[in-house]
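Inside the fold
Chain residues, written in single-letter form:
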2 protein chains.
Amino acid sequence: MQAGCVGLGIMGRPMALNLLKAGVPVTVYARRPEAAAPLQAAGAGVASSPAALAACVDVLFINVSDTPDVEQVLFGDQGISQGARPGLVVVDMGTSSPSQTQAFAARLAQQGVQLLDAPVSGGEVGAINGTLTIMVGGEAEAFARALPLFQHMGKTITHVGGSGAGQVAKACNQIVIGGTVLAVAEAMTFAKRQGVDAAKVREALLGGFAQSKVLEVHGQRMLDDNFKPGFKGRLHQKDMNIVMAEALALNLGLPLSAQVLQYLNALVGSGEGELDSSAIYHLVDRFSKPAS
Amino acid sequence: MQAGCVGLGIMGRPMALNLLKAGVPVTVYARRPEAAAPLQAAGAGVASSPAALAACVDVLFINVSDTPDVEQVLFGDQGISQGARPGLVVVDMGTSSPSQTQAFAARLAQQGVQLLDAPVSGGEVGAINGTLTIMVGGEAEAFARALPLFQHMGKTITHVGGSGAGQVAKACNQIVIGGTVLAVAEAMTFAKRQGVDAAKVREALLGGFAQSKVLEVHGQRMLDDNFKPGFKGRLHQKDMNIVMAEALALNLGLPLSAQVLQYLNALVGSGEGELDSSAIYHLVDRFSKPAS
């Protein structure tokens with residue numbers, strides 16, 4: 001099975017390297033040739049365009065940052081659709097809107113190409129260690145073909161449902177993490193303003209029903225004032241914007257998600273969008289600035 | 001070491017039974033004699049008043065439902081303070097405001113009695129199984145005396161700080177759980193309205209950074225529409241009301257906690273206050289009632 005990779009940034013590069021380490025033949029394409037160099041050094045072939053790449057692989061992974069970039073890679077000049085043969089499985093591992101994903105899948109299906117949406121959670125560390133959570137939408141047969149390759153990239157791999165279902169799960173993931181971060185930020189702020197050791201509070205709560213990965217990891221970030229990403233606030237903002245666009249399309253009211261997006265807007269607007277998204281703790285803290 | 005127990009309801013009864021099972025001599029007091037009967041059958045002594053109980057024990061646990069009840073048991077007619085000898089340690093295991101706890105502790109200190117605040121998390125199941133999370137505030141020496149008894153009741157026992165610090169930790173616990181429940185409720189609703197299998201979404205998210213006890217337990221409740229308590233909505237409402245009263249006293253703005261209390265108000269106002277507090281899922285769901 002020949003694998004292809006388009007997009008060799010923070011997430012795409014370690015994922016491609018993990019495929020190579022597992023002995024999978026990999027061919028890559030990158031807009032900037034220097035991005036392909038470390039992969040070439042590790043044994044990957046290099047294609048001259050997404051179209052050329054699509055012509056020579058069985059499963060093609062896309063890791064680009066935004067939905068317009070995905071559209072360009074799929075349907076632009078020298079894009080995947082220009083080189084793809086029937087039977088190709090394309091896997092978009094970025095975070096996009098479920099509805100746009102479904103539209104892309106329908107277009108590709110016309111030429112016998114299957115699109116899986118497979119957004120991930122776990123960040124750069126998860127990509128490097130091959131421990132990503134991968135949420136997959138699309139046809140079961142395409143999922144079955146890509147699964148052996150996913151297993152070199154991730155730990156928890158779930159076929160959630162049809163096209164777009166992976167994106168819906170990722171949206172849910174971002175809703176849950178955003179809301180939990182905000183709750184933990186209010187709790188840590190409350191403890192500190194009461195003059196209580198917030199580290200002890202975190203410790204006590206981790207042993208009980210309030211336990212979460214967010215309390216464990218981001219709670220510690222808040223204690224240390226360490227917001228080195230991790231997952232950048234401006235990317236969480238982009239994802240919550242997708243959630244709210246979908247909520248609008250569904251006429252579904254999600255007050256907490258809306259509130260989380262406002263915090264992320266304020267974070268980016270405060271020049272802190274490159275920090276980890278849990279830096280919304282700063283906003284909770286300075287919302288009630290202690291009188292000096 | 002002689003232990004005393006006042007309040008033998010859903011939480012107090014199994015806690016007293018666990019002390020008896022561990023071989024601790026226990027004397028109890030209950031307003032209603034029938035509440036004391038099963039403890040007496042299990043080997044407990046029965047005192048005629050909180051004052052009489054206070055005169056014959058070393059550590060005295062209080063499990064009554066509300067702060068006014070605690071005040072009555074401590075300082076009312078035939079209350080603990082009327083019988084207490086210097087050196088007695090009183091432990092309030094209910095959820096009260098940190099500031100009222102500190103006031104009670106100061107009053108008891110005048111007669112050489114130490115008050116610990118030791119609210120718990122884990123519900124009836126945790127009380128029965130002796131796996132409660134116990135968050136303790138008060139003097140270190142009093143904590144050290146009560147600790148061997150706490151160990152028969154709970155699993156995670158944390159001395160958070162001075163008087164009131166246990167109540168602050170409990171408040172933080174309720175903030176985190178409330179906010180996380182609301183986030184999970186929005187995510188589950190979003191998945192369902194998108195036509196995606198919410199059970200698969202829960203499963204995918206549990207393997208990643210969105211993991212929490214709330215997603216695990218209350219997420220499943222939402223899938224099953226099973227809101228048998230657990231922890232009743234009207235009690236979570238009471239606790240969040242304490243949080244907001246403290247926030248007012250501190251002039252601390254906690255927008256998410258305020259929102260959670262509004263959901264709990266609406267839950268109780270909808271006649272669903274006896275359900276588990278995660279039934280606020282119903283409010284998220286019906287906020288955008290699907291057009292029929």
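Residues numbered from 1 in each chain as written. Chains lettered and ligands numbered in written order. Predicted model: local features only at pLDDT ≥ 70, side-chain atom pairs only at ≥ 80, totals over all residues. Heavy atoms only, no water.

- In the nomenclature of an unreviewed UniProt entry, chain A is known as NAD(P)-dependent oxidoreductase of Leeia aquatica.

**Quick word on the packing of helix H9 (residues 165-193) of chain A against helix H11 (residues 213-224) of chain A**
Residue and element names in this part refer to chain A.
- Between H9 and H11, the shortest axis-to-axis distance is 10 Å and the interhelical angle comes to 45°. With respect to H11, the axis of H9 lies oblique. Relative to H11, H9 is oriented so that their crossing is right-handed. Contact residues: H9 offers Ile 177, Thr 180, Val 181, Val 184, Ala 185, Met 188 and Lys 192, while H11 offers Val 214, Leu 215, His 218, Gly 219, Met 222 and Leu 223. (Axes fitted to C-alpha atoms, helices over the stretch in contact; angles between N-to-C directions. Helix = DSSP H or I, 4+ residues; strand = E, 2+ residues; numbered from the N terminus. Parallel < 35°, antiparallel > 145°, perpendicular 65-115°, else oblique. Left-handed = near helix turned anticlockwise from the far one by under 90°. Contact = heavy atoms within 4.5 Å.)

**Structural notes on the packing of aromatic side chains**
Residues and elements named next belong to chain A.
- Scanning all chains against the criterion turns up 8 aromatic pairs over all chains.
- Between Phe 75 and Phe 104 the ring centres are 5.8 Å apart and the planes differ by 55°, which places this aromatic pair in the tilted class. One end of the pair, Phe 75, is in helix H4 (residues 67-75); the other, Phe 104, is in helix H6 (residues 98-109), and 29 residues separate them in sequence.
- What makes Phe 75 buried here is its relative accessible area of 16%.
- Residues Phe 143 and Phe 150 carry aromatic rings whose centres are separated by 6.3 Å and whose planes lie at 35° to one another, so their mutual orientation is tilted.
- Residue Phe 143 is classed as buried on the basis of its relative accessible area, which comes to 11%. (Phe/Tyr/Trp six-rings, centres within 6.5 Å; stacked < 30°, edge-to-face > 60°. Buried < 20%, exposed > 50% of the residue type's maximum accessible area, 1.4 Å probe, protein only.)

**Overview of the pairing of strand E2 (residues 26-29) of chain A**
Residues and elements named next belong to chain A.
- Here E2 shows no split at all, with Val 26 and Val 28 on one side and Thr 27 and Tyr 29 on the other all buried.
- Bridge count between strand E1 (residues 3-6) and E2: 4 bridges; the pairing is parallel. Looking at the pairing, Gly 4 lines up with Thr 27 of E2.
- Across 2 bridges, E2 lies against strand E3 (residues 45-46) in parallel orientation. For Val 28, the partnering residue across the bridge sits in E3 and is Val 46.
- For the crossover from E2 across helix H2 (residues 33-41) to E3, the handedness is right-handed. (Pairing = 2+ DSSP bridges. Right-handed = clockwise from strand over helix to strand, strands pointing away.)

**Points about the domain arrangement of chain A**
Residues and elements named next belong to chain A.
- When the domains of chain A are assigned, the result is domain 1 (3-161) and domain 2 (168-287).
- Taking the mean C-alpha position of each, domain 1 and domain 2 sit 29 Å from one another.
- Taken together, the contacts link 12 residues of domain 1 with 8 residues of domain 2.
- Interface area for domain 1 against domain 2, summed over the two sides, is near 880 Å², with a carbon-plus-sulfur share of 62%. (Domains from an automatic or database assignment. Buried area = accessible area lost by both parts, 1.4 Å probe.)

**Focus: the UniProt feature "domain: 3-hydroxyisobutyrate dehydrogenase-like NAD-binding" (unreviewed entry) in chain A**
- Per the UniProt record, the feature "domain: 3-hydroxyisobutyrate dehydrogenase-like NAD-binding" (unreviewed entry) sits at residues 164-283 of chain A.
- Along residues 164-283 of chain A one finds 72% helix and 0% strand; the C-alpha atoms at either end are 33 Å apart. (UniProt positions renumbered as here; feature names shortened; annotations may be inferred.)

**Thoughts on the interface of chain A and chain B**
- Taken residue by residue, the interface counts 62 residues in chain A and 62 residues in chain B.
- Between chain A and chain B, roughly 5200 Å² of surface is buried when both sides are summed, and carbon and sulfur atoms account for 72% of that area.
- Considering only the surface of chain A that becomes buried against chain B, Glu 186, Phe 190 and Phe 209 of chain A emerge as the three largest contributors, covering 15% of it.
- Seen at the junction of chain A and chain B, the total is 0 salt bridges.
- Where chain A packs against chain B, one counts 15 residue pairs in polar contact (both at pLDDT 80 or more).
- When contributions to the side of chain A that touches chain B are tallied by element, the ones reaching two or more residues are strand E8 (132-137), strand E9 (154-161), H9, helix H10 (198-206), H11, helix H12 (233-250) and helix H13 (255-269) of chain A.
- In terms of residue count, the dominant contributor to the side of chain A that touches chain B is H9 of chain A (20 residues).
- Per-class residue counts for the side of chain A that touches chain B are 34 nonpolar, 20 polar and 8 charged. (Salt bridge = Lys/Arg side-chain N within 4 Å of Asp/Glu carboxyl O. Polar contact = N/O pair within 3.5 Å; in protein donor to acceptor, adjacent residues only side chain to side chain. Nonpolar A, V, L, I, M, F, W, Y, C, P; charged D, E, K, R; others polar.)

**A few points about the environment of Ala 3 of chain A**
- Here Ala 3 of chain A shows up in strand E1.
- For Ala 3 of chain A, a relative accessible area of 0% corresponds to the buried category.

**A short note on the packing of helix H13 (residues 255-269) of chain B against helix H14 (residues 280-287) of chain B**
All names here are of chain B.
- Across the interface, H13 lies against H14 with an axial gap of 9 Å and an inter-helix angle of 90°. In this view, H13 runs roughly perpendicular relative to H14, as classed from their interaxial angle. Between H13 and H14, the contacting residues are Tyr 263, Leu 264, Ala 266 and Leu 267 on the first element and Ile 280, Leu 283 and Val 284 on the second.
- Considered class by class, the residues forming the contact of H13 with H14 number 7 nonpolar, no polar and no charged.

**So, the relation of the copies chain A and chain B**
- You can overlay chain A on chain B at an RMSD of 0.0 Å; the transform is a turn of 180° with a shift of 0.0 Å along its axis. Such a turn and shift between the copies fits a two-fold axis. Measuring from the rotation axis to each C-alpha of chain A, the shortest distance belongs to Ser 212 of chain A, at 2.0 Å.
- Most of the interface of chain A is mirrored in chain B, where 100% of its interface residues again form contacts. (Least-squares fit on C-alpha atoms with pLDDT ≥ 70 in both.)

**Some details on H10 of chain A**
Residues and elements named next belong to chain A.
- Within the span of H10, buried status applies to Ala 198, Val 201, Arg 202, Ala 204 and Leu 205. Seen from one end, H10 has its buried residues packed into an arc of 165°, which puts them on one side.
- The N-cap of H10, judged by a side-chain oxygen 2.9 Å from the amide nitrogen of Ala 199 a few residues on, is Asp 197. (Arc of directions from axis to C-beta.)

**Brief notes about the environment of Arg 202 of chain A**
Residue and element names in this part refer to chain A.
- If you trace the backbone, Arg 202 turns up in helix H10.
- On the basis of relative accessible area, Arg 202 is assigned to the buried category, the value being 15%.
- Distance in space between the C-alpha atoms of Arg 202 and Gln 111 is 54 Å, their sequence separation being 91 residues.
- Not counting the four nearest positions on each side in its chain, Arg 202 is found in contact with Met 188, Leu 215, Glu 216, Gly 219, Gln 220 and Leu 223.
- Reaching out from Arg 202, the side chain makes a polar contact with the backbone oxygen of Leu 215 at a distance of 3.4 Å.

**Observations regarding unusual backbone geometry**
- Looking along the chain, the bond that leaves Pro 229 of chain A and enters Gly 230 of chain A is cis, with omega of 5°.
- Within the secondary structure, Gly 230 of chain A sits in the loop between H11 and H12.
- Of note in this structure, Asp 225 of chain A is not a glycine but carries a positive phi near 50°.
- Topologically, Asp 225 of chain A is positioned in the loop between H11 and H12.
- Of note, Gln 78 of chain B is a non-glycine position whose phi angle comes to about 60°, a positive value.

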